[in-house]
Amino acid sequence: GQQVMQIPQYQHVQEGEDFTTYCNSSTTLSNIQWYKQRPGGHPVFLIQLVKSGEVKKQKRLTFQFGEAKKNSSLHITATQTTDVGTYFCAGPDSNSGYSTLTFGKGTMLLVSP
Amino acid sequence: NAGVTQTPKFQVLKTGQSMTLQCAQDMNHEYMSWYRQDPGMGLRLIHYSVGAGITDQGEVPNGYNVSRSTTEDFPLRLLSAAPSQTSVYFCASSAAGTANTEAFFGQGTRLTVV
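Novice: Any chance you could explain the overall build of chain A here in plain terms?
Specialist: Looking only at helices and strands, chain A features 0 helices and 11 strands. Reading the helices (α) and strands (β) of chain A from amino to carboxyl end gives β-β-β-β-β-β-β-β-β-β-β. Its C-alpha atoms give chain A a radius of gyration of 14 Å, near enough to 13 Å, the size a compact globule of 113 residues would have. Seen through its C-alpha atoms, chain A measures out along the principal axes to roughly 45 × 30 × 20 Å. Across the 113 residues in chain A, those meeting the buried criterion constitute 51%.

Structural data, given as structure tokens:
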């Protein structure tokens, strides 16, 4: 079945260091979405990428969608303690007729001051 | 603007008890879903609905029932709770399918089955 994989599972950085999480799908995706979940919180939508090779930026966050639309990355420049949380990528789930999202297992980011 | 509201926020059940997790959204979204989140497992789809009166199973439906009698509400029923159902449950809604819309999540229900 369709799978979305994320690496690394966990990363601990010092404040000011950069961070990248990678997402790979077993199938081509029409779009990919990224969510952030703070500790004890719920997932919150960050962005959606639709076009092959698309790059979008939100302040220190850079999101990229691969040319084949099967992979994506999230890069955070100069991390801050407010970046702590788990970052999930998600793609349309073929098993539900693309009515729902299938999520990667997430990358947990810990930032030490 | 309430968005997606889940109740209760915390619950402890004994094995074999039944209960209903409530989910309501005020955004007139057609699509609603229930996910469970376990450590290291990400978010796994339990059941989903594409509109009132229409529901379907997700990846991990066993032990759960749903119904969708109105656009606003999508309750999740645990028929006979088991320790394996200890988890955090999230309800989500979106305006349409996943094509071009974000999913809005509720605050979650943290369920412990003893």
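Once the structure has been displayed, the description carries forward.
Novice: Honestly, the sheet that holds strand β1 (residues 4–7) of chain B in this entry has me stumped. Any pointers?
Specialist: Strand pairs in the sheet, formed through backbone hydrogen bonds, run parallel or antiparallel to each other. All names here are of chain B. Taken in spatial order, the 4 strands line up as β1-β3-β8-β7 in an open sheet, and their pairing is antiparallel. Single-partner strands in this sheet number two, and they are β1 and β7 (64–66). Within this sheet the neighbouring strands show an average axis-to-axis angle of 20°, counted without direction. The pairing of β7 with strand β8 (residues 76–78) spans 3 bridges and is antiparallel. In the strand pairing of β8, Tyr64 is matched with Leu78.

Novice: Help me understand the pairing of strand β7 (residues 61–65) of chain A in this model?
Specialist: Looking down a regular strand, the side chains alternate between one sheet face and the other. Residue and element names in this part refer to chain A. Taking every second residue as pointing to the same face, the buried face of β7 carries Leu61, Phe63 and Phe65, while none of Thr62 and Gln64 on the other face is buried. In this structure, strand β6 (residues 55–58) lies alongside β7, joined through 4 bridges in antiparallel fashion. Within the sheet, the bridge partner assigned to Lys57 lies in β7 and is Thr62. Hairpin connection of β6 to β7: 2 residues between the antiparallel strands, including Lys59 at a positive phi of 55°. Direction of pairing for β7 relative to strand β8 (residues 71–76): antiparallel, over a ladder of 5 bridges. Bridge assignment links Gln64 to a residue of β8, and that residue is Ser73. Counted between consecutive antiparallel strands, the loop separating β7 from β8 contains 5 residues, among which Lys69 sits at a positive phi close to 55°.

Novice: In this structure, what is going on with the pattern of salt bridges? I would like to understand it.
Specialist: Counted under the stated rule, the structure contains 4 salt bridges over all chains. A salt bridge links Glu54(A) to Lys56(A), with the nearest nitrogen and oxygen atoms 3.7 Å apart. The buried category is assigned to Glu54(A), whose relative accessible area is 16%. Taken together, the shared-partner salt bridges connect Arg36(B), Asp38(B) and Arg44(B) into one network.

Novice: Even after reading the chapter, I still don't get the nonpolar core, so can you show me in this structure?
Specialist: General note: in soluble globular proteins, nonpolar side chains tend to be found buried as a group. Ile32(A), Trp34(A) and Phe63(A) are the most contacted members of the largest nonpolar core, which has 20 residues in total. Put simply, the parts of the chain that give this core at least two residues each are β3 (19–25), β4 (32–37), β5 (44–49), β7, β8, β9 (85–92) and β11 (107–112) of chain A. Core analysis: the second largest hydrophobic core is formed by 19 residues, Cys23(B), Met32(B), Tyr89(B) and Val113(B) among them.

Novice: What am I meant to see in the interface of chain B and chain A here?
Specialist: How big an interface is tends to be stated in terms of the accessible area lost upon association of its parts. With 23 residues of chain B at the interface, the matching set in chain A holds 23 residues. Counting every contact that joins chain B to chain A gives 0 salt bridges. At the surface where chain B touches chain A, the tally comes to 6 residue pairs in polar contact (both at pLDDT 80 or more). Among the secondary structure elements, those contributing two or more residues to the side of chain B that touches chain A are β4 (31–38) and β5 (42–51) of chain B. It is β5(B) that contributes the most residues to the side of chain B that touches chain A, 5 residues altogether. Partitioned by chemical class, the residues of the side of chain B that touches chain A number 11 nonpolar, 10 polar and 2 charged.

Rules used in this analysis
- Residues numbered from 1 in each chain as written.
- Chains lettered and ligands numbered in written order.
- Predicted model: local features only at pLDDT ≥ 70, side-chain atom pairs only at ≥ 80, totals over all residues.
- Heavy atoms only, no water.
- Helix = DSSP H or I, 4+ residues; strand = E, 2+ residues; numbered from the N terminus.
- Rg over C-alpha atoms; globule rule 2.2 N^0.38 Å.
- Buried < 20%, exposed > 50% of the residue type's maximum accessible area, 1.4 Å probe, protein only.
- Pairing = 2+ DSSP bridges.
- Axes fitted to C-alpha atoms, helices over the stretch in contact; angles between N-to-C directions.
- Salt bridge = Lys/Arg side-chain N within 4 Å of Asp/Glu carboxyl O.
- Core = buried A, V, L, I, M, F, W, Y, C linked by side-chain atoms within 4.5 Å.
- Contact = heavy atoms within 4.5 Å.
- Polar contact = N/O pair within 3.5 Å; in protein donor to acceptor, adjacent residues only side chain to side chain.
- Nonpolar A, V, L, I, M, F, W, Y, C, P; charged D, E, K, R; others polar.

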